[in-house]
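Given next are the chains, with one letter for each unit.
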Amino acid sequence: MGKKIIIGNLKTNMDYETVVKYIERIKNRITYPAVILVPTSLYVPYFKELNIKLAVQNIYFENEGSYTGEILPSQAKSMGIKYALVGHSERRKNLKENNQMINKKIKAGLKENMGIVLCVGETIEEKVLLETEDVLKRQIFTALKGIDDLKNIVIAYEPVWSIGTGKIPTERELINTIKFIKDFVKELKRGQEIKVLYGGSVNIKNIESLTKIEEIDGYLIGGASTKPEEFIEIINEVESLV
Ligand code: PGA
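The paragraphs below set out a description of the structure included in this document.

## Things to note about the side chain of Asn-99
Item 1. Within the secondary structure layout, Asn-99 lies in helix α5 (residues 99-111).
Item 2. Given the relative accessible area of 16%, Asn-99 is considered buried.
Item 3. Leave out the neighbours within four places in its chain, and Asn-99 touches Arg-92, Arg-138, Gln-139, Thr-142 and Ala-143.

## With respect to the pairing of strand β3 (residues 53-56)
When a strand is regular, its side chains alternate between the sheet's two faces.
Item 1. Both strand β2 (residues 35-38) and β3 contribute to a ladder of two bridges, which runs parallel. In the strand pairing of β3, Leu-37 is matched with Leu-54.
Item 2. Of the strand pairs in this sheet, β3 and strand β4 (residues 83-86) are connected by two bridges, and their pairing is parallel. By the bridge assignment for β4, Ala-55 is matched with Tyr-83.
Item 3. Once you follow β3 into helix α3 (residues 73-78) and on to β4, the crossover reads as right-handed.

## Examining the pattern of salt bridges
Pairs can form between side chains of opposite charge whenever their charged atoms are close.
Item 1. Across all of its chains, the model carries 14 salt bridges by this definition.
Item 2. The salt bridge partner of Arg-25 is Glu-229, with a shortest N-O separation of 3.4 Å. You can see Arg-25 sitting in helix α1 (residues 16-26) and its partner Glu-229 sitting in helix α10 (residues 228-241), a full 204 residues away along the chain.
Item 3. Accessibility expressed as a relative area gives 36% for Glu-229, which makes it partly exposed.
Item 4. The partner of Asp-148 in a salt bridge is Arg-190, with the nearest N and O atoms 4.0 Å apart. In this pair, Asp-148 sits in the loop between α7 (132-143) and β6 (153-157) while Arg-190 sits in the loop between α8 (171-188) and β7 (195-199), placing the two residues 42 residues apart along the sequence. No difference in accessibility class separates Asp-148 from Arg-190, as the two residues are exposed.
Item 5. Where salt bridges share partners, they join Glu-24, Lys-27 and Glu-49 into one cluster.

## A look at the packing of α1 against α10
Item 1. Two elements in contact, α1 and α10, have axes separated by 10 Å at closest approach and are oriented at 35°. Between α1 and α10 lies a crossing whose hand is right-handed. Of the residues in α10, those in contact with Tyr-22, Arg-25 and Ile-26 of α1 are Pro-228, Glu-229, Phe-231 and Ile-232.
Item 2. Partitioning the contact of α1 with α10 into residue classes produces five nonpolar, no polar and two charged.

## What about the sheet that holds β6?
Item 1. Spatial strand order, β1-β2-β3-β4-β5-β6-β7-β8: eight strands in a closed barrel with parallel pairing. Direction aside, the axes of adjacent strands within the sheet are offset by 25° on average.
Item 2. Strand contacts of α7: β5 (115-120) and β6, with the helix running at about 150° to β5, the strand carrying the most contacts.
Item 3. Sheet strands in contact with α8 are β6 and β7, and its direction is about 150° off that of β6.

## Things to note about α10
Item 1. Helix length check: α10 (14 residues) gives 20 Å between terminal C-alpha atoms against 20 Å at 1.5 Å per residue, within 8%.
Item 2. Looking at α10, one finds that the buried residues are Pro-228, Glu-230, Phe-231, Ile-232, Ile-234, Ile-235 and Val-238.

## What to know about a nonpolar patch on the surface
Item 1. A cluster of nonpolar residues, Tyr-16, Val-20 and Tyr-46, forms a patch on the protein surface that exposes about 270 Å² of accessible area.
Item 2. As for its placement among the helices and strands, Tyr-16 is situated in helix α1.
Item 3. For Tyr-16, a relative accessible area of 43% gives the class partly exposed.

## Some remarks on the environment of Ile-124
Item 1. Along the chain, Ile-124 turns up in helix α6 (residues 124-128).
Item 2. Placed 106 residues apart in sequence, Ile-124 and Thr-18 show a C-alpha to C-alpha distance of 33 Å.

Rules behind the numbers
Residue positions within a chain follow its written sequence, with the count starting from 1. Given that this is a predicted model, residues contribute local features only at a pLDDT of at least 70 and side-chain atom pairs are listed and counted only at 80 or more, while totals for whole chains, interfaces and linings are drawn from all residues. Excluded from the side-chain calculations are hydrogens and water; all other atoms, namely the structure's heavy atoms, are used. The helix count covers DSSP runs of H or I at least four residues long, the strand count covers runs of E at least two residues long, and both are numbered beginning at the N terminus. Relative accessibility thresholds used throughout: buried, under 20% of the residue-type maximum; exposed, over 50%; partly exposed, between the two (1.4 Å probe, protein chains only). Throughout, a contact is declared for two residues whenever any of their heavy atoms are within 4.5 Å. Here, any two strands with at least 2 DSSP bridges between them count as paired. When the strands point away from the viewer, a crossover counts as right-handed if the path from the first strand over the helix to the second runs clockwise. Note on definitions: salt bridges are taken to be side-chain nitrogens of Lys or Arg within 4 Å of carboxyl oxygens of Asp or Glu. To define axes, lines are fitted to C-alpha atoms, for helices over the stretch in contact only, and angles between the resulting N-to-C directions are given on a 0 to 180 degree scale. Note: crossing handedness is left-handed where the near helix turns anticlockwise from the far helix by less than a right angle, and right-handed where it turns clockwise. Here the term charged refers only to Asp, Glu, Lys and Arg, the term nonpolar to Ala, Val, Leu, Ile, Met, Phe, Trp, Tyr, Cys and Pro, and the term polar to all other amino acids, Gly among them. Each residue after the first adds 1.5 Å to the expected span of a helix. Distance thresholds for patches are 9 Å for like charges and 5 Å for nonpolar side chains (Val, Leu, Ile, Met, Phe, Trp, Tyr), applied to residues having over 30% relative accessible area and no salt bridge. All accessible-area figures derive from a Shrake-Rupley calculation using a 1.4 Å probe, and residue coverage is judged against the displayed protein chains alone.

Below, the structure is given as structure tokens:
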């Protein structure tokens, strides 16, 4: 199996002073090559000195034109950023980002040759109603509509009820859901394989048990990635197992 990918999503968690301290603390300490950091876009230039891969937290679905407040894939790329998160549940919820918009964003990103991390996942209400698989099917089907080549796309399975709550699915649930996603994509896209990461309350306490689940190809880490020591410990733990 290839290296497990570790993505640190810093969201909107730090102000400028904290960012400077954070960078000082992690500088030269992350050598694992499959780490991608996702800073708040405003601070991207400061992160470049770290020499690790960077992603943006969102992209717009056009590659030229005037769209106040947005980041075009072409602009991200011109800053040396090769990856983008698309469809994070916080954007789906707070900005009403829907699967059609997400599909357009993925296409715009792929046009610029960016690597796309498509975030999907069910809410607690959907889980209780046993709708998880239907929700995932809908999200993935529409997000990948008209996209034939998946080589630059990974999926991050992030149950909404797990993000920032300390709760994670059981091992059985994770194995089943991640297999379900992989099989669904394979069927949908003529046998193509896709990597599926897990995200939602990944931390130093649960990373060891998560690394034992072979189906998981990596981790999307929010809160714990904003704590330099914990993030580095998580990376070391994953590195020691691959
Ligand atoms: P969390 O966030 O690790 O703080 O739960 C994960 C995410 O939102 O990507």
